[in-house]
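Reading the structure
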Amino acid sequence: MDVFDVKQIQPLLQDIIKALVKAVGSDTRQHILDSNLDTNNALIQLPGDFLNTNLRDMILDESVERKHFKRCTWTGHLLIDREYKVTISILAKGTLRRNKKKRGRKNPYYLQSLCFVENGDLEAPYKQMNLGDFIDGFEPLFSDEVYEQDFNSIMANAVNQREGFRHCVIVYEKGHFELTHISFLILDKDLDIVQECSLMELLQPDFGTLTASVVQDEKNEKRDAHNLVKVKTGVKSKNASEPEQKTEIVPKQEEGKKQT
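For clarity, every value in this text was computed on a predicted model and none was experimentally measured. (Residues numbered from 1 in each chain as written. Predicted model: local features only at pLDDT ≥ 70, side-chain atom pairs only at ≥ 80, totals over all residues. Heavy atoms only, no water.)

**Section: the overall build of the chain**
Within the chain one finds seven helices and eight strands. Across the chain, the fraction of contacts at a sequence separation of at least 24, relative to all contacts at a separation of at least 6, is 63%. Accessible surface, the chain as shown: approximately 16800 Å² in total, 49% of it carbon and sulfur. (Helix = DSSP H or I, 4+ residues; strand = E, 2+ residues; numbered from the N terminus. Contact = heavy atoms within 4.5 Å. Areas by Shrake-Rupley, 256 points an atom, 1.4 Å probe, with all protein chains shown as cover.)

**Topic: the pairing of strand β6 (residues 193-198)**
Here strand β5 (residues 178-187) pairs with β6 via five bridges, running antiparallel. Counted as the bridge partner of Phe184 is Cys197 from β6. Linking two consecutive strands that pair antiparallel, namely β5 and β6, is a turn of five residues; a positive phi of about 65 degrees is found at Leu191 within it. (Pairing = 2+ DSSP bridges.)

**Concerning the packing of helix α1 (residues 10-35) against helix α2 (residues 46-58)**
Where α1 contacts α2, the two axes come as close as 8 Å, and the packing angle between them is 130 degrees. In terms of orientation, α1 and α2 fall into the oblique class. Viewed along their axes, α1 and α2 form a crossing whose handedness is right-handed. Of the residues in α2, those touching α1 at Asp15, Ile16, Lys18, Ala19, Leu20, Lys22, Ala23, Val24, Asp27, Thr28 and His31 are Leu46, Pro47, Phe50, Leu51, Asn54, Leu55 and Met58. (Axes fitted to C-alpha atoms, helices over the stretch in contact; angles between N-to-C directions. Parallel < 35°, antiparallel > 145°, perpendicular 65-115°, else oblique. Left-handed = near helix turned anticlockwise from the far one by under 90°.)

**Details of the pattern of salt bridges**
Scanning the entire structure with this criterion turns up nine salt bridges. When the shortest N-O distance is used, the salt bridge between Asp57 and Arg56 registers 2.9 Å. In this structure, Arg82 and Glu65 form a salt bridge, with 2.7 Å as the shortest nitrogen-oxygen distance. You can see Arg82 sitting in the loop between β2 (74-81) and β3 (86-92) and its partner Glu65 sitting in strand β1 (residues 64-71), a full 17 residues away along the chain. Because the salt bridges share partners, they merge into one network encompassing Lys100, Lys127, Asp188, Asp190 and Asp192. (Salt bridge = Lys/Arg side-chain N within 4 Å of Asp/Glu carboxyl O.)

**Remarks on the packing of aromatic side chains**
In total, this model carries seven aromatic pairs according to the counting rule given. Note on Trp74 and Tyr110: the rings are 5.6 Å apart at their centroids and 40 degrees apart in plane angle, and the pair reads as tilted. With Trp74 in strand β2 and Tyr110 in helix α4 (residues 110-118), the pair connects residues that are 36 residues apart, well separated along the chain. By relative accessible area, Trp74 is classed as partly exposed at 37%. Ring centres 5.9 Å apart and planes at 75 degrees place the aromatic pair Phe142 and Tyr147 in the edge-to-face group. Every member of this aromatic cluster is reached through a ring pair, and the members are Phe69, Trp74, Tyr109 and Tyr110. (Phe/Tyr/Trp six-rings, centres within 6.5 Å; stacked < 30°, edge-to-face > 60°. Buried < 20%, exposed > 50% of the residue type's maximum accessible area, 1.4 Å probe, protein only.)

**Quick look at the nonpolar core**
In terms of nonpolar packing, the biggest core is built from 30 residues, with Leu13, Ile16, Ile88, Ile90 and Phe184 touching the most fellow members. At the level of elements, α1, α2, β3, β4 (166-175) and β5 are the ones that each hand at least two residues to this core. The biggest single contributor to this core is α1, with nine residues. Apart from residues lying up to four places away in sequence, Ile90 is in contact with Ile16, Leu20, Leu51, Leu55, Leu79, Ile170 and Tyr172. (Core = buried A, V, L, I, M, F, W, Y, C linked by side-chain atoms within 4.5 Å.)

**Description of the sheet that holds β5**
Within a sheet, each strand pairs with its neighbour through backbone hydrogen bonds, oriented either parallel or antiparallel. The strand order across the open sheet formed by six strands is β1-β2-β3-β4-β5-β6, and the pairing between neighbours is mixed. The open sheet is flanked by β1 and β6, the only strands paired with a single partner. Strand-to-strand twist across the sheet, computed as the mean angle between neighbouring axes with direction ignored, equals 30 degrees. The sheet contact formed by β4 and β5 spans seven bridges and is antiparallel.

What follows is the structure, encoded as structure tokens:
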């Protein structure tokens, strides 16, 4: 049995998906076209910034708040739905996988702190084994108090530990300026899956991305057509001392034949 009815927040999920589709699609594509950079190494972070901006502009429900928090030089972003008592984080599936496996942390992973407090009473039906299952007396990396303190530093009193909130995670995968996977998760304190629901049926095409693709194709066609012609050498302007010669444009292929 599901611990949370996803249908309750479907309008909010639709807004989140629209914001995400725009961020990974037309926003990112337009940035690449406008910047004209030789390389785009910073591109990995841009969809997240576009997403947060889109959430700011597209979610108008007054019961939904946005919460920023700092992690060194990175600024995290959460949504808080007070009507249905859920907090929501949005991240790439690969990011979740990497951070769950990361060892030797000096501070807790923010998502684990959120799930430890809000979903601490839940346990996934299928658990991933860890060292504590094999070694007697194995101490976890962080104590309960550390997770609770980290939760308080993230929320900064926006949500109290005793208010009964659940933390939900929207995970996605993308490829070639579009979403290829998106789902709703509730994780336990070990970040194992308690509940999972696909959100693919809520996806709608980003027509901004489709338009940008058409425009880029037209630019490519014009450039290709320009490359197919060449002005013959020896042609001079009207101001030249020699008599005017008529400019002739011939296909490159034909010019090659004449020279052989």
